[in-house]
Amino acid sequence: MAGLKFTGFGAAAGEVTVTNDGMKQYVDTNDAWIRRKTGIHQRHFAVKQTNCDLAVRACETALKNAKTDASEIDALIVCTATPDRTTPSVANEAAARLGMGERVLTMDLNGACSGFIYGCITANALLASHTCRKVLIAGSERLSQVINMKDRTTCILFGDGAGAAVAEYSEDGLFQSLSGLIYNDQALYCSRFNPALSMQGQEVYHFAVSKVPEATEAILKESNLTTDDIDWFVFHQANERIIDSAAHKLGLKKEKCFKNIAEYGNTSAASIALALGEMQEQNLLKPGQKIVCVGFGAGLTYGAMVTEL
Ligand code: UT7
């Protein structure tokens, strides 16, 4: 087998921590409701930091953990639905700030909450075709810029953060992926104008609780693996109940499902990368471990990948 192999991860969060009680300054809500319905205890907002600031911090840590100099990176993909501006991209600015060479390929990729999976699929293609030797994939979001702070059903869900991963091509690497789209432009919609984000919560919830286990089963089947072969399941951190429901349907051991939604809320394209960064920080990731990641979100889209560290 051959494919993308991750060599290092990084994570960053917005500088202001807002607890559930802190959300009462915006809407009529309470800590008990938010915990019971979502598993979220707090979120981080980037008040002064830009999306690019978050992405750069996560990338710096990923490069350090991968023992890789920024100049060795051939492509930087920043997965985001909340760029600081339309152009130049977050990836353009981040590459310059990180000190990447002039020949670097940079792009922002908008796959909403499936973004990081889309980014890894793109990175794998760039690596497998030998277009690039090393690719840096970041998921970075400043959702506080687009959430409607008067809508209590959505504003309590989201947070700002970033995660990043350095990837290389390995002849003994394992990388299998899939993606899907069931078009629905109203279930999770974000306009260019304020207030921007609206969501049909139960529509997305039902989509997620069926698609996350379905995509996991499909990716395992395509890889000739079973759930027992997998060390970690990292699902998009949108709602703890969605993660637990998927784990239950798949018969997974709870300790194999990484969760950090309590601390960060839903950080969209950042969430899986941020989780991987935190797992590395906590020394949970070991060479040879196999990981399944599944993202889902606006579109409605989903994407899954299995890889070996
Ligand atoms: O990455 C993007 C993916 N997005 C998702 O995965 C979101 C998926 N959806 C969900 O996680 C859930 O639909 C929510 C957590 C967003 C909402 O849970 P729900 O069980 O669908 O609740 P609901 O919207 O039906 O609201 C139930 C009740 C309502 O009151 P009534 O009408 O029953 O009296 C709401 O007004 O809860 C009320 N409510 C709140 N109460 C306190 C809604 N938001 C709040 C709040 N605090 N923040």
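Residues numbered from 1 in each chain as written. Predicted model: local features only at pLDDT ≥ 70, side-chain atom pairs only at ≥ 80, totals over all residues. Heavy atoms only, no water.

**Observations concerning the sheet that holds strand β12 (residues 290–297)**
The four strands lie next to each other as β8-β13-β12-β11, forming an open sheet whose pairing is mixed. Looking along the sheet, the strands with just one partner apiece sit at the ends: β8 (175–184) and β11 (232–235). Ignoring strand direction, the axes of neighbouring strands in this sheet form an average angle of 10°. Of the pairings in the sheet, the one linking β11 to β12 comprises four bridges and is parallel in character. From the neighbouring strand, F233 faces β12, where its bridge partner is V292. Helix-sheet contacts for helix α6 (residues 201–222) involve β8, β11, β12 and β13 (299–308), and the interaxial angle to β8 is about 150°. (Pairing = 2+ DSSP bridges. Helix = DSSP H or I, 4+ residues; strand = E, 2+ residues; numbered from the N terminus. Axes fitted to C-alpha atoms, helices over the stretch in contact; angles between N-to-C directions. Contact = heavy atoms within 4.5 Å.)

**A word on the nonpolar core**
Formed by 49 residues in total, the largest nonpolar core has its most connected members in F235, V292 and F296. Elements with a minimum of two residues in this core: α6, β11, α7 (240–250), β12 and β13. Per-element accounting of this core gives the leading share, eight residues, to α6. Leaving out residues up to four positions away in the same chain, F235 has contacts with V212, T216, I243, A246, L250, L252, C257, I272 and V294. (Core = buried A, V, L, I, M, F, W, Y, C linked by side-chain atoms within 4.5 Å. Buried < 20%, exposed > 50% of the residue type's maximum accessible area, 1.4 Å probe, protein only.)

**Thoughts on helix α2 (residues 51–65)**
For α2, built from 15 residues, the straight-helix expectation of 21 Å at 1.5 Å per residue is met to within 8% by its first-to-last C-alpha distance of 21 Å. Among the residues making up α2, those that are buried are N51, C52, L54, A55, V56, A58, C59, A62 and L63. Where α2 is buried, its residues meet β1 (3–13), β4 (75–79), α3 (90–98), β6 (134–141) and β7 (161–170). (Expected span 1.5 Å × (residues − 1).)

**Brief notes about the environment of D74**
Inspection of the secondary structure puts D74 in the loop between α2 and β4. Between the C-alpha atoms of D74 and M100, which are 26 residues apart in sequence, the distance is 8.2 Å.

**Re the packing of aromatic side chains**
The tally for this structure, following the rule as stated, stands at three aromatic pairs. Aromatic pair F6 and F9: ring centres 5.1 Å apart, planes at 50°, arrangement tilted. A residue is classified by how much of its surface remains accessible, and F9, at 3% relative accessible area, is buried. (Phe/Tyr/Trp six-rings, centres within 6.5 Å; stacked < 30°, edge-to-face > 60°.)

**Section: the side chain of S268**
Along the chain, S268 falls in the loop between α8 (261–264) and α9 (271–281). Look at S268 and you get buried, because its relative accessible area is 6%. Within polar-contact distance, the side chain of S268 engages the side chain of E141 at 3.3 Å. (Polar contact = N/O pair within 3.5 Å; in protein donor to acceptor, adjacent residues only side chain to side chain.)

**Let's talk about the packing of α2 against α3**
Across the interface, α2 lies against α3 with an axial gap of 9 Å and an inter-helix angle of 50°. In terms of their interaxial angle, α2 and α3 are classed as oblique. In this structure, α2 meets α3 at a crossing whose hand is right-handed. Residues N51, C52, D53, A55, V56, C59, E60 and L63 of α2 touch α3, and the partners they reach there are V90, E93, A94, R97 and L98. Its residues assigned to classes, the contact of α2 with α3 comprises eight nonpolar, one polar and four charged. (Parallel < 35°, antiparallel > 145°, perpendicular 65-115°, else oblique. Left-handed = near helix turned anticlockwise from the far one by under 90°. Nonpolar A, V, L, I, M, F, W, Y, C, P; charged D, E, K, R; others polar.)

**A word on the pattern of salt bridges**
Applying the stated criterion to the full structure yields 13 salt bridges. Linking K134 and E72 is a salt bridge whose minimum nitrogen-to-oxygen distance equals 2.6 Å. With K134 in strand β6 and E72 in the loop between α2 and β4, this residue pair connects regions lying 62 residues apart in the sequence. Note that E93 and R85 form a salt bridge whose closest N and O atoms lie 3.0 Å from each other. (Salt bridge = Lys/Arg side-chain N within 4 Å of Asp/Glu carboxyl O.)

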